[in-house]
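Each chain, written out:
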Amino acid sequence: DMTWDNRAINIFIGDVSWDRGDFRAIFSGITSSLSSKDDGSINIQVKDKLQRLNAPITEDKLGGLSSNQDKLIPCCFGEAVNVTPLLTDVATHEYQVHNSQIEQIIEVRDNGVPVSITADLPNGKFTLDSQPYGVITASVQGDNQTAYKGTVASVIERIVTGYGKATEQFQAADIDAASIAQFDIDNPQTIGYYCSSRVNVLTAIQFIAGSVGASVVMSREGKMRLLKIELPASGTPVEIGENQMRD
């Protein structure tokens, strides 16, 4: 009668003669199912914590009676350029670029020509000051609900802790803070990510990490890290021969 999907599981390696404190963690993740191959055993299938993020960033639709009622409210992180905002009110020419507070609207264009607007930063919206003539685009510094974040590491951390399924969002204990902080120092490039259609958190963060040649991974202790494989610094070449080989 128990549900075994998505339960926390920690796996340790050790020996029956060891003290429990000497066992070493080799995996920290979640269960995916429980099965049995025979009457004397059970089989627990596991997956890493990243699968908790396999849910949409948002499923909030505009609603109301407009022609855009079934469209998702967009989400914007970092600095995104020339995005297509969601028209939320035809009568007032109101548009939305994010589902909560944003940092700023840098510029809005109508058919490529800059136009004046009235910004509503707390709600991620703006209103045109005049009748639109063509396609409306905007350059935006997005999410600022807690603080504005514009680098790869900071945007990924913001998404995994604030978006997706509420019960599966990462907490501080799920993140290798020192590793993320060092990655942020080593990769200070500013980025922008604009989501106006259904996309999973896991897909989004891997795409963002990939923009600088990195991947989102989980450590053995079940903490999120950003891993970037790079060539080592130049040094003195060392010849490796049979004397350096064990087998």
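Everything below is about the structure printed above this text.
All figures in this text were calculated on a predicted structure; none of them were measured in a lab.

Reading the values: the criteria
- Residues numbered from 1 in each chain as written.
- Predicted model: local features only at pLDDT ≥ 70, side-chain atom pairs only at ≥ 80, totals over all residues.
- Heavy atoms only, no water.
- Pairing = 2+ DSSP bridges.
- Helix = DSSP H or I, 4+ residues; strand = E, 2+ residues; numbered from the N terminus.
- Axes fitted to C-alpha atoms, helices over the stretch in contact; angles between N-to-C directions.
- Salt bridge = Lys/Arg side-chain N within 4 Å of Asp/Glu carboxyl O.
- Buried < 20%, exposed > 50% of the residue type's maximum accessible area, 1.4 Å probe, protein only.
- Patch = residues over 30% accessible without salt bridge, like charges linked within 9 Å, V, L, I, M, F, W, Y side chains within 5 Å.
- Areas by Shrake-Rupley, 256 points an atom, 1.4 Å probe, with all protein chains shown as cover.

Asker: What is the right way to read the sheet that holds strand β8 (residues 113-115) from this model?
Answerer: Backbone hydrogen bonds are what pair the strands of a sheet, in a parallel or an antiparallel way. An order of β8-β7-β11-β4-β12 is seen for the five strands of this open sheet, with the pairing classed as antiparallel. Where the open sheet ends on each side, the last strands, each with one partner, are β8 and β12 (192-195). Within the sheet, the average angular offset between the axes of one strand and its neighbour, ignoring direction, is 45 degrees. Bridge analysis of strand β4 (residues 75-83) against strand β11 (residues 136-143) gives three bridges, and the strand direction is antiparallel. Counted as the bridge partner of Glu 79 is Gln 141 from β11.

Asker: Would you mind going over the pattern of salt bridges with me for this structure?
Answerer: Where charged atoms from two side chains of opposite charge come close, those side chains can pair. Evaluation of the coordinates by the stated rule reveals nine salt bridges. Where Glu 59 meets Arg 198, a salt bridge forms, and the shortest distance between an N and an O atom there is 3.8 Å. Placement of the pair is Glu 59 in the loop between β3 (41-48) and β4 and Arg 198 in the loop between β12 and α3 (201-210), with a sequence separation of 139 residues. Taking relative accessible area as the criterion, Glu 59 reaches 54% and is therefore assigned exposed. Among the residues examined, Arg 198 registers a relative accessible area of 56% and is labelled exposed. Linking Glu 107 and Arg 109 is a salt bridge whose minimum nitrogen-to-oxygen distance equals 2.7 Å. When its relative accessible area of 31% is taken as the criterion, Arg 109 is described as partly exposed.

Asker: Before we go on, may I ask you to explain a nonpolar patch on the surface in this structure?
Answerer: Residues Ile 11, Ile 13, Ile 26, Leu 34, Ile 42, Ile 44 and Val 46 make up a contiguous nonpolar surface patch of roughly 520 Å² in combined accessible area. Among the secondary structure elements, those contributing two or more residues to the nonpolar patch are β1 (8-13), β2 (24-38) and β3. Looking at which element gives the most residues to the nonpolar patch, the answer is β3, with three residues. Val 46 gets classed as partly exposed once you look at its relative accessible area, which sits at 36%.

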